[in-house]
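Understanding the architecture of this molecule
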Amino acid sequence: MSREPLPIAKDFPAPSEEAWRKLVDKDLKGKPFTSLQSPLEGGLSLQPLYTQRDAASTPPPEPPGVAPYVRGNHPLGHTEGGWLLCQEYREPDVARAAEALRVDLERGTQGVWLHLGERGIPVKDAADLARLLAHAPLERTPVYLEPASEPLAFAPFLLGAADQARVPRAALRGCLGIDPLSALAEAAPLVTRLRQEAPGLRALLVSTRPWADAGATAVHELAWAIATGVEALRGLERAGVPPEDTARSLQFALSVGGQFFPEIARLRAARLLWSKVVAASGGSPEAQAMALHARTASANKTQRDPWVNILRATAESFAAVVGGADSVSTAPFDEPLGAPDEGSRRLARNTQLILRDESSLNRVADPAGGSYYLERLTDELARAAWAELRRIESLGGMARAMAEGDVRRVLDETRAARDKAVRTRKLPIVGVSEFPHLGEAPVRREGPAPQATRVAAGFEGLRDASDRYLAAHGTRPLAFMANLGTVAEHTARATWIANVLAVGGIEGREHQGFADVEAAAALFAASGAPLAVISGPDALYPEWVPALAQALKARGARAVAVAGRPGEHEAAFRAAGVDLFLFAGADVFALLTSLHQQLGVA
């Protein structure tokens, strides 16, 4: 058999962007080209096509391991066989937390991230922390502290635990978790001492979790992290600590959300921006490397159908690794429900082990490098975050922006916009606002859950009310679905309506093939349902809806809904007894809440 190369490409004309655009415009049939763009929070948009021209508009990044570290901190990708696999803990009992650490460290976890204080592990003194870390060999296990309050109180505990275990401080790695915005001046002597005694132990932590959990966009979270780092550089320099030492004492921790490619680009942009800031402050190229921890987000996780959280966290962990995070923590799927159990921690841990040991992501330096899409998106995110950083600086810095309420104002605005997208299902939540399963077995956990502003909480509240109704009445709120026309005519709309009703915990029961209005009304009366939903082709509505709505109300319907937009017949339909209209793009949460009120669902 001949092994001569087959030059197929030369037989086809080279495609051009202009030719592609003409075909796209033809297929759009008058719709604007912008309809193919995907808007992102923060004012950016994803384009339907990225080409070499997009890459040409941004300078090529330096190789991995070279400032400004867009392509990662290490020249050969992740060192020592991969990124650091961290597990985060907030178990409200020291003994149980210590046992969880023991099990996880024996089975693949490499570093531990400890949430301490309020809604975390109740460590009160050095002895408590020593008990917590009894099974963690400190000479080879990085330990990261994230106190909820009193940021300086826990630092001596970790140093004391190391001394008690006779581990040299020079061998320690991790972070003491001191918040630069709350205890900067007091931290200056500790920063200086640690640079000499324990150079692998960073004193300061810039954690974006509070902002991410409160609804910050990716751009704001990134910009505010850099702004906090700037605050630390500036404040410690006034206290006599050079920027070189401050930069080497800072640990960053960013949440990674569900937008896969934008999250990869954001981590790359974070390293770029921090390198520029440290360089402008006089820091060396080595000090410009950002110590970056990535954690899977909390705000997008659900209590209903929590198994979907496994998929969410897998994609987010994948993005964190591809984005070049130095350490990654994957939250257990049941974290929104309370303290995770051993099985869920194992799933979370194995997610990263599979990415490392089976997918070999540790063998590639900057897998995103060279992608027209990701290089352009990295640049755009960096520029957007830089603009927000400059705005914060114009207000006097991050500390002042927080004290004067600017950060709270922005969070309120972004959360309101996100809430609107969730309520209208433009931002769908699988298992909650899309494809809910009313018969799912509940997953229950004890202990505190993270205090995140979860986007699913509103819809989950409707499901909770449905569960209470089921417990009190023996059945869920029922809806009689009056499907008009043939099966082909009503199936698509009826299926959509059944899904929407289930989002609110309302069980839809379909009926079809009515001879006339009275037959439909009689079937409704026999069903015992308090709600009726008329669904079918728009062409049948003028003939059927007015008479059917009146007949349904006469037979005891507490509420009558129509599937579809109101249109020109809205006034006539409402006069006949129609209470509301269910259609794509509507505020589904408000409509379902209204139905709950009319049906007496507490």
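Our subject is the structure listed above.
Now for a quick tour of the structure. All values derive from a computational prediction rather than experimental measurement.

Procedures and definitions
Residues numbered from 1 in each chain as written. Predicted model: local features only at pLDDT ≥ 70, side-chain atom pairs only at ≥ 80, totals over all residues. Heavy atoms only, no water. Helix = DSSP H or I, 4+ residues; strand = E, 2+ residues; numbered from the N terminus. Contact = heavy atoms within 4.5 Å. Areas by Shrake-Rupley, 256 points an atom, 1.4 Å probe, with all protein chains shown as cover. Lys, Arg positive; Asp, Glu negative; His and termini not counted. Charge placed at Lys NZ, Arg CZ, Asp CG, Glu CD. Buried < 20%, exposed > 50% of the residue type's maximum accessible area, 1.4 Å probe, protein only. Pairing = 2+ DSSP bridges. Axes fitted to C-alpha atoms, helices over the stretch in contact; angles between N-to-C directions. Core = buried A, V, L, I, M, F, W, Y, C linked by side-chain atoms within 4.5 Å. Right-handed = clockwise from strand over helix to strand, strands pointing away.

1. Side note on the overall build of the protein chain
Of the regular secondary structure elements, the protein chain holds 21 helices and 15 strands. With the principal axes as the frame, the protein chain shows a C-alpha extent of 85 × 70 × 65 Å. When contacts within the protein chain are restricted to residue pairs at least 6 apart in sequence, those whose partners lie at least 24 apart make up 77%. Accessible area for the protein chain stands at about 26700 Å²; split by element, carbon and sulfur atoms hold 54% of it. Charge separation in the protein chain, taken as the distance between the mean sites of 66 positive and 71 negative side-chain charges, equals 0 Å.

2. Notes on unusual backbone geometry
The omega torsion across Ala67 and Pro68 is 15°, close enough to zero to call that bond cis. Considering the arrangement of structural elements, one finds Pro68 in the loop between helix H2 (52-56) and strand S3 (84-89). A positive phi angle, near 45°, is found at Glu150, a position not held by glycine. Relative to the elements of secondary structure, Glu150 occurs in the loop between strand S5 (143-147) and helix H5 (155-164). Glu150 gets classed as exposed once you look at its relative accessible area, which sits at 56%. Residues other than glycine seldom take positive phi values, yet Phe435 does so here, at roughly 55°. With respect to the helices, strands and loops of the structure, Phe435 is situated in the loop between helix H15 (406-423) and helix H16 (457-473).

3. A short note on the sheet that holds strand S4 (residues 111-116)
On the basis of which strands lie adjacent, the closed barrel formed by eight strands has the order S3-S4-S5-S6-S7-S8-S9-S10 and parallel pairing. When strand polarity is set aside, the average angle formed by the axes of neighbouring strands in this sheet is 30°. As defined by bridge partners, strand S8 (residues 250-256) adjoins strand S9 (residues 292-296) across five bridges and the pair is classed as parallel. Bridging from a neighbouring strand, Leu254 pairs with Ala294 of S9. Along the sheet, helix H3 (residues 94-106) contacts S3 and S4; its crossing angle with S3, the most-contacted strand, is approximately 160°. Relative to the sheet, helix H6 (residues 184-197) contacts strand S6 (174-178) and strand S7 (201-207), its axis offset from that of S7 by approximately 130°.

4. Describing the nonpolar core
Ranked by size, the top nonpolar core spans 103 residues in total, and within it Leu114, Leu133, Trp224 and Trp274 carry the most contacts. In terms of residues, this core owes the most to one element, helix H8 (residues 218-238), which gives eleven residues. In contact with Leu133, other than residues within four places in its own chain, are Leu101, Val112, Leu114, Leu138, Val143 and Leu158. With 59 residues, the next largest nonpolar core counts Leu484, Ile506, Ala561 and Val578 among its residues.

5. Quick notes on the pairing of S9
Most of S9 sits out of view: five of its five residues are buried. In S9, alternate side chains face the same way, and those of Leu292, Ala294 and Thr296 on one face and His293 and Arg295 on the other are all buried. As for the winding sense of the linkage, the β-α-β connection from S8 through helix H10 (residues 260-280) to S9 is right-handed. Where S9 meets strand S10 (residues 327-329), three bridges bridge the pair, whose relative direction is parallel.

6. Points about the environment of Leu204
Its place among the elements puts Leu204 in strand S7. Sequence separation of Leu204 and Gly160 is 44 residues, and the distance between their C-alpha atoms is 18 Å. Excluding residues that lie within four positions of it along the chain, Leu204 makes contacts with Cys175, Ile178, Pro180, Ala187, Val191, Ala232, Leu236, Thr246, Ser249, Leu250 and Gln251.

7. Some thoughts on the pairing of S4
The element S4 is extensively covered by neighbouring structure, given that six of its six residues are classed as buried. Alternating residues of S4 divide into Gly111, Trp113 and His115 and Val112, Leu114 and Leu116, and every residue in both groups is buried. Sheet topology places S3 next to S4; four bridges connect them, and they run parallel. Paired with Glu88 across the bridge in S4 is Trp113. With respect to chirality, the unit in which S3 leads through H3 into the neighbouring parallel S4 is right-handed.

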